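An overview of the molecular structure
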Amino acid sequence: MRSGKYFKGVKALAFPIKSKGYTQLSMNIYCYKCSPINNIYNFIDSEAKGMGFDIESSEIIGLLPADAVALSLGKFIKADISGKNILEYKILGSYGNR
């Protein structure tokens, strides 16, 4: 899934990790309002289950806007979300350190 065939504003690639026996799905979500993260996660979970697999874990790399968390992540489990991932917290924190 290299383009937004299923979700607008999302680019995804799958990488087989043969040495560990799993596939890693890497995504860039450019429009979380068009495609809420929990909708994407639920879709992937459903597709994986249909193929006899479970999501082992998930991870947020980088920053995301606070409203992406409010809109999407209430049901988004298996990922550590804390202030370190929230864009606004980073911005406010940088002003407090001046």
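Bear in mind that the values here come from a model prediction, so they are computed numbers and not experimental data.

1. Re the pattern of salt bridges
Evaluation of the coordinates by the stated rule reveals three salt bridges. Linking Lys33 and Asp67 is a salt bridge whose minimum nitrogen-to-oxygen distance equals 3.7 Å. You can see Lys33 sitting in the loop between β2 (22-29) and α1 (37-50) and its partner Asp67 sitting in helix α2 (residues 66-72), a full 34 residues away along the chain. Among the salt bridges present, the one from Asp45 reaches Lys49, with a minimum N-O distance of 3.2 Å. On the criterion of helical spacing, the pair formed by Asp45 and Lys49 is a turn pair, its members being four residues apart in helix α1. Assessed through its relative accessible area of 46%, Lys49 is described here as partly exposed.

2. Some points on the environment of Ile55
Structurally, Ile55 can be placed in the loop between α1 and α2. We classify Ile55 as buried; its relative accessible area is 14%. Taking the C-alpha atoms as reference, Ile55 lies 9.4 Å from Tyr41; in sequence the two are 14 residues apart.

3. So, the packing of aromatic side chains
Inspection of the entire model under this criterion finds two aromatic pairs. Here Tyr6 and Phe43 contribute two aromatic rings whose centre-to-centre distance is 5.1 Å and whose plane-to-plane angle is 35°, an arrangement assigned as tilted. One end of the pair, Tyr6, is in the segment before β1 (10-17); the other, Phe43, is in helix α1, with 37 residues separating them in the sequence. The partly exposed category is assigned to Tyr6, whose relative accessible area is 48%. Residue classification places Phe43 among the partly exposed residues on the basis of a relative accessible area of 24%. Pairing Phe7 with Phe43 gives two aromatic rings, centres 5.5 Å apart and planes at 80°, and the pair type is edge-to-face. On the criterion of sequence distance, the pair formed by Phe7 in the segment before β1 and Phe43 in helix α1 is long-range, its members being 36 residues apart. Judged by relative accessible area, which is 14%, Phe7 ranks as buried. Through pairs of rings, three or more aromatic residues link up here, namely Tyr6, Phe7 and Phe43.

4. Looking at the environment of Asn28
By secondary structure assignment, the location of Asn28 is in strand β2. Between the alpha carbons of Asn28 and Gly9 there is a distance of 8.2 Å; along the sequence they are 19 residues apart.

5. Considerations on the confidence of the model for the protein
Taken as a whole, the protein shows an average pLDDT of 78; of its residues, 77% reach a score of 70 or greater. Confidence, expressed as mean pLDDT per element, reaches its minimum in the protein at helix α3 (residues 87-96) with 68 and its maximum at β1 with 91.

Rules of the game
Residues numbered from 1 in each chain as written. Predicted model: local features only at pLDDT ≥ 70, side-chain atom pairs only at ≥ 80, totals over all residues. Heavy atoms only, no water. Salt bridge = Lys/Arg side-chain N within 4 Å of Asp/Glu carboxyl O. Helix = DSSP H or I, 4+ residues; strand = E, 2+ residues; numbered from the N terminus. Buried < 20%, exposed > 50% of the residue type's maximum accessible area, 1.4 Å probe, protein only. Phe/Tyr/Trp six-rings, centres within 6.5 Å; stacked < 30°, edge-to-face > 60°. pLDDT = per-residue confidence, 0-100.

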